[in-house]
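These are the residues of each chain, in order.
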Amino acid sequence: MKRFLLLYASQRGQAQAIAEDISEKAVAYGFSADLHCISESHKYDLKTERAPLVVVVSTTGNGDPPDTARKFVKAIQDKTLPSDFLAHLWYGLLGLGDSEYTYFCNGGKIIDKRFQELGAQRFYDTGHADDCVGLELVVEPWINGLWAALAKHFLLSRGKEEMNGTLTMASNASRRTDPVTPELLHIESQVGLLRLDGSRRKDAEVLEQNAVNRGQSNTLIADFEPSLIRSIPPLSQASLNIPALPPEYLQVHLEESFGQEESQAPVTSVDPVFHVPISKAVQLTMNDAIKTTLLIELDISKTDFSYQPGDAFNVICPNSDSEVQHLLQRLQLTDRREHCVILNIKADTKKKGAALPQHVPEKCSLHFLLTWCLEIRALPKKAFLRALVDHTGDGAEKRRLQELCSRQGAADYNRFVRDSRACLLDLLLAFPSCQPPLGLLLEHLPKLQPRPYSCASSSLFHPGKLHFIFNIVEFWSDTTAVALRKGVCTGWLAALVESVLQPNTHASRADGEKALAPEISISPRATNFFHLPNDPSVPIIMVGPGTGIAPFIGFLQHREKLREHHPDGHFGAMWLFFGCRHKDRDYLFREELRHFLKCGILTHLKVSFSRDAPVGEEEAPAKYVQDSIQRHSEQVARVLLQEDGHVYVCGDAKNMAKDVNDVLVEIISKEVGVEKLEAMKTLATLKEEKRYLQDIW
């Protein structure tokens with residue numbers, strides 16, 4: 001077995017799952033993966049590492065590496081490191097990202113770029129997988145090509161040493177001196193699969209499946225549209241390549257609890273968790289608004305939780321109780337919902353490095369596990385579908401699950417699982433003969449993640465209080481039956497405050513109602529960077545449509561208090577570009593903004609309404625914030641380029657933030673008279689100088 005070091009940097013488990021898949025597959029090709037989270041720096045040392053390195057890195061926030069990679073990135077970005085610090089290291093890197101965000105795969109790109117600057121060399125071309133179209137479109141061929149690239153590397157570095165298994169398939173590739181590409185090696189890897197012995201071929205699961213009752217079903221299938229549970233030709237008649245079966249490794253025992261008291265700590269967390277009461281809840285939008293926006297005020301006066309305007313924090317939320325109940329019913333475990341969950345590693349598991357999931361507390365109940373610990377709404381990955389195949393009795397249902405996880409069924413997977421936002425419960429309802437054991441769900445469902453929210457207040461303005469705002473997320477699910485679903489956290493919060501909800505910010509609540517206020521659990525975010533300049537005389541531009549206005553309300557409140565405390569101080573201009581659909585339905589904080597404008601705290605307020613038609617002869621208002629910025633291009637350029645101002649963008653990453661970025665490039669290009677590429681470099685410099693900051697999602 002030839003050893004290679006395999007590191008992953010994961011925020012929500014995607015990169016970890018892919019790295020574990022690589023580790024499992026490596027054995028069949030004669031390799032041994034030394035697998036570690038990138039944060040476990042005590043378990044590896046790149047300074048002395050002589051084996052090839054494979055890294056899988058996701059991207060989070062505003063193009064940043066995951067929290068688990070923060071210390072690693074800080075260490076390699078040490079400017080005192082010599083340019084040959086990693087000259088001995090050969091590596092291959094797979095970056096994960098979403099092209100709908102401005103900084104696509106930037107987490108991986110940051111590490112890749114720094115590796116190159118420190119002299120490391122690629123033995124395999126970097127892959128950039130796009131979650132917008134499906135990670136597997138890049139991930140699968142990249143992994144398929146990895147084995148021949150590793151084989152070539154070992155052949156080149158160890159000369160005539162005998163390579164067992166499939167390493168001989170790289171003999172032709174070994175004449176190349178450039179990094180090997182996934183496209184070229186995909187064919188070579190498929191040749192390698194053909195050389196596997198019988199047992200390995202079975203493990204690789206390159207199966208040829210015939211359609212069920214192919215002859216008699218042709219005329220029937222033609223009458224149907226494809227759906228989650230049904231395919232049509234050519235897929236229904238195709239031979240299928242399906243993934244290898246992930247080895248099961250968890251043994252679950254449900255033990256009667258006999259009234260034992262259960263821990264109320266819902267998740268394990270490196271950050272402190274604060275239990276705080278909700279002191280106020282306000283609906284900011286009118287009832288006829290397309291989206292309902294709520295403001296919640298938390299009483300943090302009896303805690304040591306502290307924050308600055310612009311900070312974000314986490315809300316620890318449970319899954320929908322009705323969905324948990326339905327899942328228990330479908331699994332036929334309702335009568336054991338209060339049983340204690342005992343986990344063990346299966347003695348005969350083939351999974352390398354199998355470990356108990358850290359996000360499952362000891363001796364918690366089954367109901368608690370499904371409510372607070374597992375992301376039951378998570379998109380089922382193809383490996384999960386593959387595992388469900390072996391627990392499905394009906395032949396047609398088994399075939400359809402095989403299609404959905406196969407290479408040939410990629411389009412159907414994207415359409416009926418990924419794009420339809422299907423979850424485990426949808427699959428279990430769609431395939432009634434599927435009866436997975438509880439351990440399988442624990443192996444494949446990720447940790448229920450806390451949800452981040454921006455602080456929408458200043459502690460100077462609201463001592464002992466913390467405000468945040470959110471839209472109640474609603475979407476239609478039509479995987480099995482058409483149903484309106486709400487966001488996991490926003491739906492829970494909305495239900496929680498329903499009895500104390502006020503219709504507007506000026507309503508008051510009787511003292512007696514305070515007792516009704518429920519508590520929620522919050523924790524500080526590890527990285528907060530979205531702060532006002534240290535020098536209050538620096539001008540700032542704030543761009544925040546919809547709920548993106550949240551941190552800027554905190555900025556304005558903070559600035560008002562600073563001016564009260566320092567009446568002779570010099571304060572820079574504050575521009576706000578805000579946008580909403582309708583002036584009379586969802587103009588958030590209208591009265592507050594008018595107050596800040598009247599007091600001179602806010603020097604320029606530019607509001608755009610995307611759905612309102614112009615009235616009479618007046619000039620058509622700007623439709624979106626980027627249009628409004630464009631109309632004030634000269635002033636924006638002056639603030640950023642001549643007055644050393646800062647620009648802050650908060651809100652939707654997939655559309656608004658990209659459009660604002662493009663407009664800023666256009667403005668710099670036009671006002672400075674430079675080419676677009678040069679303008680992009682200028683904007684990148686502003687970002688490096690922390691003068692162009694984004695808090696986007």
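Here is what the cut-offs are and how they apply
- Residues numbered from 1 in each chain as written.
- Predicted model: local features only at pLDDT ≥ 70, side-chain atom pairs only at ≥ 80, totals over all residues.
- Heavy atoms only, no water.
- UniProt positions renumbered as here; feature names shortened; annotations may be inferred.
- Helix = DSSP H or I, 4+ residues; strand = E, 2+ residues; numbered from the N terminus.
- Buried < 20%, exposed > 50% of the residue type's maximum accessible area, 1.4 Å probe, protein only.
- Contact = heavy atoms within 4.5 Å.
- Areas by Shrake-Rupley, 256 points an atom, 1.4 Å probe, with all protein chains shown as cover.
- Core = buried A, V, L, I, M, F, W, Y, C linked by side-chain atoms within 4.5 Å.
- Salt bridge = Lys/Arg side-chain N within 4 Å of Asp/Glu carboxyl O.
- Arc of directions from axis to C-beta.
- Pairing = 2+ DSSP bridges.
- Expected span 1.5 Å × (residues − 1).

- As annotated in an unreviewed UniProt entry, the protein chain carries the name Methionine synthase reductase and comes from Balaenoptera acutorostrata.
- The record held by UniProt for the protein chain lists under Catalytic activity (unreviewed entry) the comment "2 cob(II)alamin + A + 2 H2O + 2 H(+) = 2 aquacob(III)alamin + AH2".
- The record held by UniProt for the protein chain lists under Subcellular location (unreviewed entry) the comment "Cytoplasm".

### Observations concerning the overall build of the protein chain
So, point 1. Helix and strand counts for the protein chain come out as 21 helices and 22 strands.
So, point 2. Buried residues in the protein chain amount to 50% of all 697 residues.
So, point 3. Contacts in the protein chain between residues at least 24 apart in sequence constitute 79% of all its contacts with a sequence separation of at least 6.
So, point 4. In the form shown here, the protein chain has an accessible surface area of approximately 32,600 Å², with 50% of it arising from carbon and sulfur atoms.

### Concerning the nonpolar core
Inside soluble globular proteins, nonpolar side chains tend to come together where they are buried.
So, point 1. Grouped together as the largest cluster of nonpolar side chains are 49 residues, with contacts concentrated most on L228, L327, L366, L369, L385, L388 and F431.
So, point 2. If we ignore the near neighbours within four places in the chain, the residues touching F431 are L228, I229, R330, E397, R400, L401 and L404.
So, point 3. Listed in part, the 31 residues of the second largest apolar core include L295, L588, F609 and L693.

### Quick notes on the pattern of salt bridges
So, point 1. Enumeration according to the criterion identifies 31 salt bridges in this entry.
So, point 2. The partner of D288 in a salt bridge is R585, and the shortest N-O contact between them spans 3.7 Å. Taken as a pair, D288 in the loop between strand 8 (274-283) and strand 9 (293-299) and R585 in the loop between strand 19 (574-580) and helix 17 (590-598) lie far apart in primary sequence, 297 residues in all.
So, point 3. Judged by its relative accessible area of 30%, R585 is partly exposed.
So, point 4. A salt bridge links R691 to E689; its shortest N-O distance comes to 3.1 Å.
So, point 5. Of the residues examined, R691 reaches a relative accessible area of 12% and is grouped as buried.
So, point 6. Residues joined in a network through salt bridges with shared partners are R399, R400, E403 and D412.

### Some points on helix 17
So, point 1. For helix 17, the set of buried residues is R590, L593 and F596. Burial along helix 17 is one-sided: seen end-on, the buried residues are contained in an arc of 125°.
So, point 2. Tucked into the core, helix 17 has its buried residues touching helix 16 (550-565), strand 19 and strand 20 (604-609).
So, point 3. Backbone geometry just after helix 17 places G600 at a positive phi near 85°.

### Some details on the environment of D662
So, point 1. With respect to the secondary-structure elements, D662 resides in helix 20 (residues 653-672).
So, point 2. A residue is classified by how much of its surface remains accessible, and D662, at 42% relative accessible area, is partly exposed.
So, point 3. Taking C-alpha positions, D662 is 8.8 Å from Q626, a pair spaced 36 residues apart along the chain.

### Observations regarding the environment of A483
So, point 1. Its location among the elements puts A483 in strand 15 (residues 483-486).
So, point 2. A483 gets classed as partly exposed once you look at its relative accessible area, which sits at 33%.
So, point 3. The residues contacting A483, other than those within four sequence positions of it, are F475, W476 and S477.

### Observations regarding the pairing of strand 14 (residues 474-477)
In the case of a regular strand, side chains alternate between the two sheet surfaces.
So, point 1. Burial of the side chains of strand 14 is restricted to one face: F475 and S477 are buried, whereas none of E474 and W476 on the reverse face is.
So, point 2. Taken together, the 4 bridges between strand 14 and strand 15 define a ladder with antiparallel strand orientation. Within strand 15, the position partnered with S477 by the bridge is A483.

### Overview of helix 21 (residues 676-688)
So, point 1. Given a rise of 1.5 Å per residue, 13 residues ought to cover 18 Å, and the 18 Å separating the end C-alpha atoms of helix 21 matches this to within 8%.
So, point 2. Taken together, the buried positions of helix 21 are occupied by A679, L683 and L686. Projected onto a plane normal to the axis of helix 21, the buried residues spread over an arc of 50° and lie on a single side. Exposed side chains of helix 21 directed beyond 90 degrees from the buried face belong to L677 and E688.
So, point 3. On its buried side, helix 21 packs onto helix 19 (633-642), helix 20 and strand 22 (692-696).
So, point 4. The first or second residue beyond helix 21 is K690, which carries a positive phi of 60°.

### With respect to unusual backbone geometry
So, point 1. P233 connects to P234 through a cis peptide bond whose omega is 10°.
So, point 2. The residue P234 is located in the loop between helix 7 (214-221) and strand 7 (250-255) in this model.
So, point 3. Positive phi, close to 55°, is recorded for F589, a residue that is not glycine.
So, point 4. In this structure, F589 sits in the loop between strand 19 and helix 17.
So, point 5. Judged by relative accessible area, F589 falls into the buried class, the value being 8%.
So, point 6. Here D644, not a glycine, exhibits a phi torsion of approximately 55°, which is positive.
So, point 7. Among the secondary structure elements, D644 is positioned in the loop between helix 19 and strand 21 (646-651).

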